[in-house]
Amino acid sequence: RKIGVAILGLGGYAKGQIAPALQLTEHCELRGLITGSPEKLPEWQAKYAIKDENVYTYDTMEDIASNSAIDVIYVITPTATHRDFVIRAANAGKHVWCEKPMAMRPEDCQQMITACQQNGVKLSIGYRMLHEPNTQKLIELTRTQAYGPITGATSLAGYAGSLPALDYWRGQRAMGGGALYDMGVYTINGLRYGTQLMPLAVVSATQERPEDVDVTTTYQLEFPNGILANGKTSVVESYNKLRIEATNGWYELDPMQPYEGVQGSTSDGKILGPPVPNQQSLQMDADALAILNNQPVRAPGEEGLKDILIIRAIIESAETGKRVPIVF
Ligand code: NAD
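Everything numeric here is computed off the predicted structure, so don't read it as measured data.

Caption draft 1: Layout of the pairing of strand S10 (residues 228-234). Counting buried positions along S10 gives five out of seven residues, so the element sits mostly inside the fold. Where strand S7 (residues 150-158) meets S10, seven bridges bridge the pair, whose relative direction is parallel. Bridging across to S10, Gly152 finds its partner in Leu228. If you look at the hairpin formed by strand S9 (residues 216-222) and S10, you'll find five residues sitting between the two strands, and Asn225 has a positive phi there, around 65 degrees.

Caption draft 2: View of the site of the ligand. Taken together, 19 residues lie around the ligand, and Gly11, Gly12, Tyr13, Thr77 and Glu99 are the ones closest in. A per-element tally of the shell around the ligand places helix H1 (residues 12-23) first, with three residues. When its residues are assigned to classes, the shell around the ligand shows six nonpolar, nine polar and four charged.

Caption draft 3: Region of interest: the domain arrangement of the protein chain. Domain boundaries assigned for the protein chain yield domain 1 (3-127 + 282-300) and domain 2 (129-275 + 307-325). Each of domain 1 and domain 2 was reduced to a C-alpha centroid, and the two centroids are 26 Å apart. Taken together, the contact between domain 1 and domain 2 spans 18 residues of the former and 16 residues of the latter. Of all the elements in the fold, those that place two or more residues in the side of domain 1 that touches domain 2 are helix H4 (106-118) and helix H7 (279-292). By residue number, the principal contributor to the side of domain 1 that touches domain 2 is H7, which donates three residues. Looking at side-chain class alone, the side of domain 1 that touches domain 2 contains twelve nonpolar, three polar and three charged residues.

Caption draft 4: Main features of the sheet that holds strand S3 (residues 55-57). The strand order across the open sheet built from six strands is S3-S2-S1-S4-S5-S6, with neighbouring strands paired in parallel fashion. In this open sheet, the two edge strands, each paired with only one partner strand, are S3 and strand S6 (123-125). Adjacent strand axes in the sheet meet at a mean angle of 25 degrees, parallel and antiparallel pairs treated alike. The sheet contact formed by strand S1 (residues 3-8) and strand S2 (residues 28-35) spans six bridges and is parallel. Of the residues in S2, the one forming a bridge with Ile7 is Leu33. Contacting S1, S2 and strand S4 (72-75), H1 crosses the sheet at an angle of about 175 degrees to S1.

Caption draft 5: Here's a closer look at the environment of Ser155. Along the chain, Ser155 falls in strand S7. Since 30 C-beta atoms lie within 10 Å of it, Ser155 is described here as buried. For the pair Ser155 and Arg243, spaced 88 residues apart in sequence, the C-alpha separation works out to 6.4 Å. In this structure Ser155 touches Thr187, Gly190, Leu191, Ala229, Gly231 and Leu242, once residues within four positions along its chain are discounted.

Caption draft 6: Highlighting the pairing of S4. Burial of the side chains of S4 extends over both faces: Val72 and Tyr74 are buried on one face and Ile73 and Val75 on the other. Where S1 and S4 come together, four bridges link them in parallel fashion. Bridge pairing in S4 places Ala6 opposite Ile73. Crossover S4 to strand S5 (residues 95-98) through helix H3 (residues 82-91) is right-handed.

Caption draft 7: Examining the packing of H4 against helix H8 (residues 301-320) more closely. Two numbers describe how H4 lies on H8: the axes approach to 9 Å, and their chain directions differ by 170 degrees. By the criterion of interaxial angle, the relationship of H4 to H8 is roughly antiparallel. Of the residues in H8, those in contact with Pro106, Cys109, Gln110, Met112, Ile113 and Cys116 of H4 are Gly301, Glu302, Gly304, Leu305, Ile308, Leu309 and Arg312. A class-by-class count of the residues in the contact of H4 with H8 yields eight nonpolar, three polar and two charged.

Caption draft 8: Representation of the sheet that holds S10 in the model. Here eight strands make up an open sheet; going across it, the order is S13-S12-S11-S7-S10-S9-S8-S14 and the pairing mixed. The strands lining the two open edges of the sheet, one partner per strand, are strand S13 (264-266) and strand S14 (324-325). Both S7 and strand S11 (residues 239-246) contribute to a ladder of eight bridges, which runs antiparallel. Counted as the bridge partner of Thr154 is Arg243 from S11.

Caption draft 9: Structural view of the environment of Asn240. Looking at where Asn240 falls in the secondary structure, it is placed in strand S11. Taking the C-alpha atoms as reference points, Asn240 and Arg83, 157 residues apart in sequence, are found 29 Å from one another. Apart from the residues lying within four places of it in its own chain, the contact partners of Asn240 are Leu156, Ala157, Pro255, Met256, Gln257 and Pro258.

Caption draft 10: The arrangement of the UniProt feature "domain: GFO/IDH/MocA-like oxidoreductase" (unreviewed entry) in the protein chain in detail. UniProt marks residues 136-251 with the feature "domain: GFO/IDH/MocA-like oxidoreductase" (unreviewed entry), using the numbering shown here. The distance from the first to the last C-alpha atom of residues 136-251 is 13 Å, and the span holds 22% helix and 36% strand.

Caption draft 11: Structural context of helix H6 (residues 179-195). The end-to-end C-alpha distance of H6 is 22 Å, a good match for the 24 Å that 17 residues give at a rise of 1.5 Å each. Across the 17 residues of H6, 16 count as buried, placing the element largely inside the fold. Phi turns positive one or two residues past the end of H6, at Gln196, with a value near 55 degrees.

Each value, and the rule that gives it
- Residues numbered from 1 in each chain as written.
- Predicted model: local features only at pLDDT ≥ 70, side-chain atom pairs only at ≥ 80, totals over all residues.
- Buried ≥ 20, exposed ≤ 12 C-beta atoms within 10 Å, placed from the backbone.
- Helix = DSSP H or I, 4+ residues; strand = E, 2+ residues; numbered from the N terminus.
- Pairing = 2+ DSSP bridges.
- Near = placed C-beta within 6 Å.
- Nonpolar A, V, L, I, M, F, W, Y, C, P; charged D, E, K, R; others polar.
- Domains from an automatic or database assignment.
- Contact = placed C-beta atoms within 7 Å.
- Axes fitted to C-alpha atoms, helices over the stretch in contact; angles between N-to-C directions.
- Right-handed = clockwise from strand over helix to strand, strands pointing away.
- Parallel < 35°, antiparallel > 145°, perpendicular 65-115°, else oblique.
- UniProt positions renumbered as here; feature names shortened; annotations may be inferred.
- Expected span 1.5 Å × (residues − 1).

The following block contains the structure:
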């Protein structure tokens, strides 16, 4: 059987990536829509043949509890709204997929995890890179210490767009706008999967904040064994790379997270593999199989929470100018 997915939040990522990617999945079917903008529904329903009985607004979404066609609610709204929507979805008895970054604060993440546990549903965070084959090959190089012990790492993710408008959520700090929450979470997660280690502390950090949100954030993390890792993320500068230094060479993903696929290479001239697009289809099929086979998901809420703890420590370090230990 296929897993019936309802998308909650019909914005840019839902429309441009997730709905099309659902059409390429083997184990999922886009069956439902939940929106605060009902004017969007006719186009969506016509395009994806969504039945009226599977359509909800934010006000009626609790009714989805009795709809057996829907197994999963995929929350794709502004970051500050993830917590409440995820808790409501879990309380409706549906499995939940939630976009990155998981939420604003560690406390929010914990409440989301608890709500899913109490309702016996799975929670998966939309870390598409963890399902991407070249990224998995890079992780394998670390796991096998193919180039010896790791000595350092660099992670960069920036996109030179225009400064986000103050009346749009991406321009609002309280809504989860800004480089660190949006793109920075890729650099943090990348350093974690690239090293297969958890950071001990933020050594230092700086944030450029011309208006409400940070447009560029740089940070240094200390990992075990004295490994220092540098991260940089921006919404006004472009770069995209994850590089791992080891005693006998280096290996990297350059670029590390575009939709079209990533490119991996090593210091001795190896190419990890051809770029693979449609990470979202791989992600959703893996998460659907986890539900069908009652297996753990690859990126559970606990993983999303760790990155939010690191984000908060980076912000604290930037604000205080001090080294901030990270306690998981
Ligand atoms: P968007 O602005 O294009 O869409 C947001 C949607 O949420 C809109 O349909 C909007 O109407 C709705 N919404 C619900 N509650 C809202 C509220 N209180 N205020 C404003 N809008 C509200 O944003 P997006 O690019 O689709 O991003 C949505 C989420 O997806 C974010 O968490 C973002 O980080 C994530 N995202 C992930 C990826 C990825 O590659 N995994 C890419 C883009 C976005």
